[in-house]
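Given next are the chains, with one letter for each unit.
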Protein chains: 2
Amino acid sequence: MIDPWDVEEVDYERLTEEFGIRPIDEKVRELLPRRFPLLDRGIVFGHRDYDSFLKDYNDGKLVSVLSGMMPSGRMHLGHKTVVDQLVFYQQEMDVKVYVPIADLEAHHARNMDLDRAHRIAVEEYVLNYAALGLDLDPDRCEIYLQSERKTVQRMALLLAGRLTWNTVKNTYGFTGETNMGHAFAPIVQAADILHPQEIEGPHRVLVPVGVDQDPHLRLTRDIAEKEDLIKPASTYHRFMTGLTGGKMSSSKPNTAIFLTDDPETAKEKVWNAKTGGGATLEEHREHGGNPDECVVYELMVYHLADRIGGDEKLREIRKKCREGDIICGECKRMVGEALAEILEELERRREDVRDELPDLLSQHPDAPEVPEDW
Amino acid sequence: MIDPWDVEEVDYERLTEEFGIRPIDEKVRELLPRRFPLLDRGIVFGHRDYDSFLKDYNDGKLVSVLSGMMPSGRMHLGHKTVVDQLVFYQQEMDVKVYVPIADLEAHHARNMDLDRAHRIAVEEYVLNYAALGLDLDPDRCEIYLQSERKTVQRMALLLAGRLTWNTVKNTYGFTGETNMGHAFAPIVQAADILHPQEIEGPHRVLVPVGVDQDPHLRLTRDIAEKEDLIKPASTYHRFMTGLTGGKMSSSKPNTAIFLTDDPETAKEKVWNAKTGGGATLEEHREHGGNPDECVVYELMVYHLADRIGGDEKLREIRKKCREGDIICGECKRMVGEALAEILEELERRREDVRDELPDLLSQHPDAPEVPEDW
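About the criteria used
- Residues numbered from 1 in each chain as written.
- Chains lettered and ligands numbered in written order.
- Predicted model: local features only at pLDDT ≥ 70, side-chain atom pairs only at ≥ 80, totals over all residues.
- Heavy atoms only, no water.
- Helix = DSSP H or I, 4+ residues; strand = E, 2+ residues; numbered from the N terminus.
- Rg over C-alpha atoms; globule rule 2.2 N^0.38 Å.
- Contact = heavy atoms within 4.5 Å.
- Areas by Shrake-Rupley, 256 points an atom, 1.4 Å probe, with all protein chains shown as cover.
- Lys, Arg positive; Asp, Glu negative; His and termini not counted.
- Charge placed at Lys NZ, Arg CZ, Asp CG, Glu CD.
- Buried < 20%, exposed > 50% of the residue type's maximum accessible area, 1.4 Å probe, protein only.
- Domains from an automatic or database assignment.
- Buried area = accessible area lost by both parts, 1.4 Å probe.
- Polar contact = N/O pair within 3.5 Å; in protein donor to acceptor, adjacent residues only side chain to side chain.
- Least-squares fit on C-alpha atoms with pLDDT ≥ 70 in both.
- Salt bridge = Lys/Arg side-chain N within 4 Å of Asp/Glu carboxyl O.
- Pairing = 2+ DSSP bridges.
- Axes fitted to C-alpha atoms, helices over the stretch in contact; angles between N-to-C directions.
- UniProt positions renumbered as here; feature names shortened; annotations may be inferred.
- Phe/Tyr/Trp six-rings, centres within 6.5 Å; stacked < 30°, edge-to-face > 60°.
- Lys NZ or Arg CZ within 6 Å of the ring centre and 35° of its normal.
- Parallel < 35°, antiparallel > 145°, perpendicular 65-115°, else oblique.
- Left-handed = near helix turned anticlockwise from the far one by under 90°.
- Nonpolar A, V, L, I, M, F, W, Y, C, P; charged D, E, K, R; others polar.
- Expected span 1.5 Å × (residues − 1).

**Q** An account of the overall build of chain A is requested, with residue identities and associated values reported.
**A** Each helix and strand in chain A was counted, giving 17 helices and 7 strands. For chain A, the C-alpha radius of gyration of 21 Å lies close to 21 Å, the compact-globule estimate for 374 residues. For the C-alpha atoms alone, the extent of chain A along its principal axes is close to 65 × 50 × 45 Å. For chain A, the share of sequence-separated contacts (at least 6 apart) that also reach a separation of at least 24 residues comes to 78%. Just so you have it, chain A exposes about 15700 Å², and 44% of that area is on carbon and sulfur atoms. Computing the positive centroid from 47 side-chain charges and the negative centroid from 71, chain A places the two 3 Å apart.

**Q** So what's going on with unusual backbone geometry? Which residues, and what values?
**A** All names here are of chain B. You will see that aspartate 49, though not glycine, has its phi angle at about 55°, which is positive. By the element assignment, aspartate 49 lies in the loop between strand 2 (44–48) and helix 4 (50–58). For aspartate 49, a relative accessible area of 18% translates into the label buried. Unusually for a residue other than glycine, asparagine 111 sits at a positive phi of about 60°. Summarising the element assignment, asparagine 111 is placed in the loop between helix 6 (103–110) and helix 7 (114–131).

**Q** Residue-level account of the domain arrangement of chain A, with values.
**A** By convention, interface size is frequently given as the accessible area that disappears when the constituent parts associate. All names here are of chain A. By domain assignment, chain A separates into domain 1 (10–238) and domain 2 (246–352). Just the C-alpha atoms count here: the centres of domain 1 and domain 2 sit 29 Å apart. Contacts between domain 1 and domain 2 engage 20 residues on the former and 21 residues on the latter. Both faces considered, domain 1 and domain 2 share a buried interface measuring about 1900 Å² in area, 59% of it formed by carbon and sulfur atoms. Summed over the shared surface of domain 1 and domain 2, the result is 11 residue pairs in polar contact (both at pLDDT 80 or more).

**Q** Give me the lowdown on the relation of the copies chain B and chain A, citing residues and values where you can.
**A** Superposition of chain B onto chain A requires a rotation of 180° combined with a translation of 0.0 Å along the rotation axis, giving an RMSD of 0.0 Å. On the angle and the small slide along the axis, the relation comes out as a two-fold axis. By residue overlap, the copies meet face to face through one surface: 100% of the interface positions of chain B are interface positions in chain A.

**Q** Which residues make up the interface of chain B and chain A, and what values go with them?
**A** In this assembly, 29 residues from chain B lie in contact with 29 residues from chain A. Each partner contributes to the roughly 2500 Å² buried at the junction of chain B and chain A, and carbon and sulfur atoms together form 67% of this total. The interface formed by chain B and chain A includes 2 salt bridges. In this structure, the salt-bridge partner of arginine 154 of chain A is glutamate 148 of chain B, at a minimum N-O distance of 3.1 Å.

**Q** Could you give an account of the sheet that holds strand 7 (residues 233–237) of chain A, with specific residues and numbers?
**A** Residue and element names in this part refer to chain A. Strand order in the open sheet formed by 7 strands is 1-2-7-6-3-4-5, with mixed pairing between adjacent strands. Since the sheet does not close on itself, it has two edges, and those belong to strand 1 (22–23) and strand 5 (141–145), each with one partner. In the packing of helix 11 (residues 214–226) onto the sheet, contacts are made with strand 2 (44–48), strand 6 (204–210) and strand 7, and the angle to strand 7 comes to roughly 175°.

**Q** So what's going on with the UniProt feature "short sequence motif: 'HIGH' region" in chain A? Residues and values would help.
**A** Mapped onto this numbering, the UniProt entry gives "short sequence motif: 'HIGH' region" at residues 71–79 of chain A. Across residues 71–79 of chain A, helical content stands at 33% and strand content at 0%; the span's end C-alpha atoms are separated by 12 Å.

**Q** Any details on the packing of aromatic side chains? Residues and values, ideally.
**A** Under the defined criterion, the tally for this structure stands at 16 aromatic pairs over all chains. Each ring, one from phenylalanine 36 of chain B and one from tyrosine 89 of chain B, has its centre 5.7 Å from the other, and the planes form 90°; the classification is edge-to-face. You can see phenylalanine 36 of chain B sitting in the loop between helix 2 (26–29) and helix 3 (37–40) and its partner tyrosine 89 of chain B sitting in helix 5 (residues 77–93), a full 53 residues away along the chain. The pair phenylalanine 36 of chain B / tyrosine 89 of chain B is uniform in exposure class, with both members buried. Relative to phenylalanine 174 of chain B, the ring of tyrosine 172 of chain B lies with its centre 5.7 Å away and its plane at 20°, an arrangement referred to as stacked. On the basis of relative accessibility, which here comes to 9%, the residue phenylalanine 174 of chain B falls in the buried class. What links up through ring pairs into an aromatic cluster is the set Trp165, Tyr172 and Phe174 of chain A together with Trp165, Tyr172 and Phe174 of chain B. Between the NZ or CZ atom of arginine 74 of chain A and the centre of the ring of phenylalanine 258 of chain A, over which it lies, the distance is 4.2 Å.

**Q** Residue-level account of the packing of helix 14 (residues 295–308) of chain B against helix 16 (residues 328–354) of chain B, with values.
**A** The geometry of a pair of packed helices is captured by two quantities: the angle between their axes and the separation between those axes. Residue and element names in this part refer to chain B. Contact pair helix 14 / helix 16: the axes reach a minimum separation of 10 Å and the direction vectors enclose 60°. With respect to helix 16, the axis of helix 14 lies oblique. Once helix 14 is placed against helix 16, the crossing between them reads as left-handed. Listed contacts from helix 16 to Val296, Leu299, Met300, His303, Leu304, Arg307 and Ile308 of helix 14 are Cys331, Lys332, Met334, Val335, Ala338, Leu339, Glu341, Ile342 and Glu345. Of the residues assigned to the contact of helix 14 with helix 16, the class counts are 11 nonpolar, 1 polar and 4 charged.

**Q** Break down helix 5 (residues 77–93) of chain A for me, citing the residues and quoting the values.
**A** For an α-helix the count is 3.6 residues per turn, leaving residues at separations of three or four pointing the same way. Residues and elements named next belong to chain A. Between its first and last C-alpha, helix 5 extends 23 Å over 17 residues, near the 24 Å set by a 1.5 Å rise per residue. Burial analysis of helix 5 places 14 of its 17 residues in the buried class, the great majority of the element. Aspartate 94 sits one or two positions beyond helix 5 and adopts a positive phi of about 60°.

**Q** Lay out the pattern of salt bridges in plain terms, naming residues and giving numbers.
**A** A full pass over the atoms with the stated rule returns 78 salt bridges over all chains. With a shortest N-O distance of 3.3 Å, glutamate 345 of chain A and arginine 349 of chain A are connected by a salt bridge. You can see glutamate 345 of chain A and its partner arginine 349 of chain A sitting in helix 16 (residues 328–354), 4 residues apart, about one turn around the helix. Under the relative-accessibility criterion, glutamate 345 of chain A is labelled partly exposed at 23%. Taking relative accessible area as the criterion, arginine 349 of chain A reaches 38% and is therefore assigned partly exposed. Aspartate 51 of chain B is the partner of arginine 22 of chain B in a salt bridge, and the nearest nitrogen-oxygen pair spans 3.0 Å. Here arginine 22 of chain B is found in strand 1 (residues 22–23), whereas its partner aspartate 51 of chain B is found in helix 4, with 29 residues between them in sequence. Overall, arginine 22 of chain B belongs to the partly exposed group, its relative accessible area being 35%.

**Q** Would you mind going over the side chain of histidine 237 of chain B in detail, with residue names and values included?
**A** All names here are of chain B. Counting through the fold element by element, histidine 237 comes out in strand 7 (residues 233–237). Among the polar contacts listed, one links the side chain of histidine 237 to the side chain of glutamine 85, at a separation of 3.3 Å. For histidine 237, the contacting residues outside a window of four places in its chain are Ile43, Val44, Phe45, Thr81, Val82, Gln85, Val209, Gly210 and Val211.

**Q** Describe the sheet that holds strand 4 (residues 96–101) of chain B, listing the residues and the values that go with them.
**A** Residue and element names in this part refer to chain B. Here 7 strands make up an open sheet; going across it, the order is 1-2-7-6-3-4-5 and the pairing mixed. Looking along the sheet, the strands with just one partner apiece sit at the ends: strand 1 and strand 5 (141–145). Taken together, the 5 bridges between strand 4 and strand 5 define a ladder with parallel strand orientation. For proline 100, the partnering residue across the bridge sits in strand 5 and is tyrosine 144.

Pasting the structure below:
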């Protein structure tokens, strides 16, 4: 649970001391050519070499952004956080975006056949990425399958010499029963991250990820160093809390708002969500609620701020909640309405982009085709 | 040490019971379209599905042969045994031959940089393969680098899901400190063996190997079964004994006759070789020698029989040795002379083929180029 104006709550000291993740402070934010709300609100809170990435960008040097998609399950609001970042770098900073589709990993680690992975990638992920604003023009964005991109495959087979079994085992918790395709997935991912330098020459590649992905970034940075490549930069965002309080997960529909949920379903999920409100209405009125423990408030901060009145409105709601001047039902109604609007818009945009998608994807040499029944 | 007319000495029962390797008996040999001395003399002594391979061949079905080269060190007579088989299948049976160059394995398992591996592959291996009679016409033979052949790389990354770490660890004796490139080498090899079926459709691929390679064939056959591919056939040949009695090894020059040894060096090595002769000349004359313990006799059987008078002559020498009627010096002189002839011929053929090699290799899309100083 986060407080967008109190990011010091995050244990930066531990992250810095133990792992070397640095906070995104005012000095870093000043390097951005324009305001980036996800940073301002502390959702993207930490980084490695993000300042170097931004300096290179400001110096007119080549930089790129990369973030993979795992084609399994349905996209939810948690996934949207990454796409929002890709869209920002592409649309507001004109940086090229690489989007590997981790079909090899889905196949080996999640036992999914490739055809199914490709269908999910297109129907569920690529379509939503485009609807969320990512321009699929192949000059501005490269979407590719791990199973099709030769440069990545060759790099993976070569980079593999840089890691021992013990290293991947300890980093990823593999066992003797782990299949070698799964065990190789981190190496293919490292090749994903490093291959833009093979294609376009040495440059800083930014990888926006959830903070749980940092071990992978550390490993890739180590490999980059050994290979005389430029270490990838990374930013770290927090995970959204699930609607019921635990983890937001595709496999538990009640924990997540899916991008393809119909508005009524979404409203209902919000209505049943865990809030920071008092145990009873009377208690709430008397002692106030706790927005830092409230999933409904978190939804506002992550995805709805600009729609409901911006930072000022957030500050107001926060204050009112603490003082018991606004009750959970009001927040839920407001969030439900705003979410419904977003989901309706997304649905319209998906329909807009659907017809162009086959042609757009066909311009990406290693991308999946749209399914035959498109 | 072998006796070409007493192949029952080999513990076939154990090989059959424990591993399922079957002896190459008369029934199998009858399937061959013509006589194959390496089989007749028991040098190639066992197989898996070789009879199926030959039946498919006799039925006019597509079959192919594959044997990889490890580009490290110098080629010696032990390596020639494999090449002789490739040449037989290509020249006498018109079967297409695939020759993977295991540069990825040399890189990861032997710490060799790729450029050096490619130089050795061309200068030492490909040149000698051609000199030994392999036709490099790309319709009859495909020479390729593991690091360049996309089909193999993709297959390896997909097949990897069929094996656990425990399986490769136990089969190859890997440890936690084994690098993942090395750990992946058996999977790339399996892809080498199976990829002709991906290129040309399902068919039986024969892999002639030393018997120590059987674990690898078993593993590849298991993968083939899971992938609904036709299991590779394999034949097994024995290793030549080193000249000094132990293993023949590129890294111990006195144990091996190299294909690029000059004739005088070769003669000297033969002169110093371990024989099956008596401890003293008197003892030898009285009790005879033991050709089954004689490296010099083994050289005759493996490589010189046709040059010194065929099976009849071998039989005669064998008998005379046992009875003390021929002494080691005589055998050594004969073998030295015959070897010198072979090495001189090889040198001439290397010079003949050298000029064509750049053009020939350039017709193999994934083969190494000849070095710049060719």
